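# Structural overview
Each chain is listed here by its residues.
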Amino acid sequence: MKTLFPMLVTLMVLSSCGPLSLYYREGATVSRLQEETTQCQLKAVQEVPVANQIRQSPPTYWPGRTYCDGRGRCYQSPGWWQPGRVYTVDVNQGLRNTVEAQCMAQKGFRPVSLPPCKQSVKSRVPAKRTTTLPPLNSASCFVKFDDGSFQIITPGQSG
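## Some words on the overall build of the chain
Looking only at helices and strands, one finds 4 helices and 10 strands in the chain. Classification of the 159 residues of the chain by burial places 30% in the buried group. By element, 56% of the accessible surface of the chain is carried by carbon and sulfur atoms, the whole surface being about 10,700 Å².

## Things to note about the nonpolar core
By size, the foremost hydrophobic cluster in this structure holds 17 residues, and its most contacted members are Leu22, Leu33, Met104, Phe109, Leu133 and Phe150. Residue assignment for this core shows that the elements contributing at least two residues are strand S1 (20–24), helix H2 (30–47), helix H3 (93–106), strand S8 (110–114) and strand S10 (150–153). Discounting chain neighbours no more than four positions away, the residues touching Leu33 are Leu22, Tyr23, Met104, Phe109 and Leu133. Counting residues in each nonpolar core, the second largest holds 6 residues, with Cys117, Val121, Cys141 and Ile153 among its members.

## A word on the state of the cysteines
Tallying each qualifying case throughout the model produces 3 disulfides. What pairs with Cys40 in a disulfide is Cys103, and their sulfur atoms sit 2.1 Å apart. Judged by the sign of its S-S torsion, about -70°, the cystine formed by Cys40 and Cys103 is left-handed. Within this pair, whereas Cys40 is found in helix H2, its partner Cys103 is found in helix H3, the two being separated by 63 residues in sequence. Counting only the cysteines that form disulfides, in the order they appear in the chain, gives the pairing 1-4, 2-3, 5-6.

## Some thoughts on the pattern of salt bridges
Under the defined criterion, the tally for this structure stands at 6 salt bridges. Taking the shortest distance from any N to any O, the salt bridge between Glu47 and Lys43 comes out at 3.4 Å. With Glu47 and Lys43 both in helix H2 and 4 residues apart, this pair spans about one turn of that helix. In this structure Glu47 comes out as partly exposed when scored by relative accessible area, which is 48%. One salt-bridge network, held together by shared partners, links Arg32, Glu35, Glu36 and Lys107.

## Considerations on the environment of Val91
Mapping Val91 onto the fold places it in the loop between strand S7 (86–90) and H3. With sequence-adjacent residues up to four places away left out, Val91 is seen in contact with Ala51, Gln53 and Arg55.

## Focus: the packing of aromatic side chains
Tallied over the full model, the rule gives 2 aromatic pairs. Ring plane angle 55° and centroid distance 5.0 Å describe the contact between Tyr61 and Trp81, whose orientation is recorded as tilted. Remark: Trp81 occurs in strand S6 (residues 80–82) and Tyr61 occurs in strand S3 (residues 60–62); sequence separation between them is 20 residues. Tyr61 gets classed as partly exposed once you look at its relative accessible area, which sits at 42%. Measuring from centroid to centroid gives 6.1 Å for Trp62 and Trp80, while their planes differ by 20°, and the two rings are stacked. Residue Trp62 is found in strand S3, and its partner Trp80 is found in strand S6; the two are separated by 18 residues along the sequence. Judged by relative accessible area, which is 39%, Trp62 ranks as partly exposed.

Thresholds applied
Numbers given to residues run from 1 along each chain, matching the order in which its sequence is written. Where totals are concerned, whole chains, interfaces and linings use all residues; where local detail is concerned, this predicted model gives features only for residues with pLDDT of at least 70, and gives and counts side-chain atom pairs only at 80 or more. Calculated side-chain values reflect all of the structure's heavy atoms, with hydrogen atoms and water omitted. What counts as a helix is a DSSP run of H or I of at least four residues, what counts as a strand is a run of E of at least two, and both are numbered from the N terminus. For each residue, the accessible area found with a 1.4 Å probe, counting protein chains only, is set against the maximum for its type, and the residue is called buried under 20%, exposed over 50%, and partly exposed in between. The method behind every accessible area is Shrake-Rupley, applied with a 1.4 Å probe, and residues are considered shielded solely by the protein chains displayed. Buried Ala, Val, Leu, Ile, Met, Phe, Trp, Tyr and Cys residues that are joined via side-chain atoms within 4.5 Å together make up what is termed a nonpolar core. Contacts are assigned to residue pairs that have any heavy atoms within 4.5 Å of one another. In what follows, a disulfide is any cysteine sulfur pair within 2.5 Å. Any carboxyl oxygen of Asp or Glu that lies within 4 Å of a side-chain nitrogen of Lys or Arg is treated as forming a salt bridge with it. Planes of paired rings set the category: under 30 degrees apart is stacked, over 60 is edge-to-face and the rest tilted, where pairs are Phe, Tyr or Trp rings (Trp by its six-membered ring) whose centres lie within 6.5 Å.

All quantities given are derived from atomic positions and should not be read as evidence of function.
Shown next, in the form of structure tokens:
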């Protein structure tokens, strides 16, 4: 559970402008969500380990340019090759994500994505960190706090 907190903080920082993606089961505590997520991530890594492959994008040829001096004499500069970009791909990442999602589904959680709340919604609700996942509707949104925690707001619901 302690190893998940830095990951959630990173998730929250990355999602400050975008949606909050998390597993959801109404009434589950956030600590239970974190515990179950960690267990499923560990299971997924054990069953589908990281399999990094080094790849390279194709090189690019830049042809030379022709320069003319106005007296009928032209010169051609040589072309050159720009090497392709070298990068690493974990070819098992997609399968590992599927195994994690299936594990969470077996525990009753489903993935959801919530947009950030607009100021007009935030200003009507007292700031309070979410500890238990509330009911959601199409107007649900989230507020991120500086410590990485969040508040899920469902307009029309109390609490």
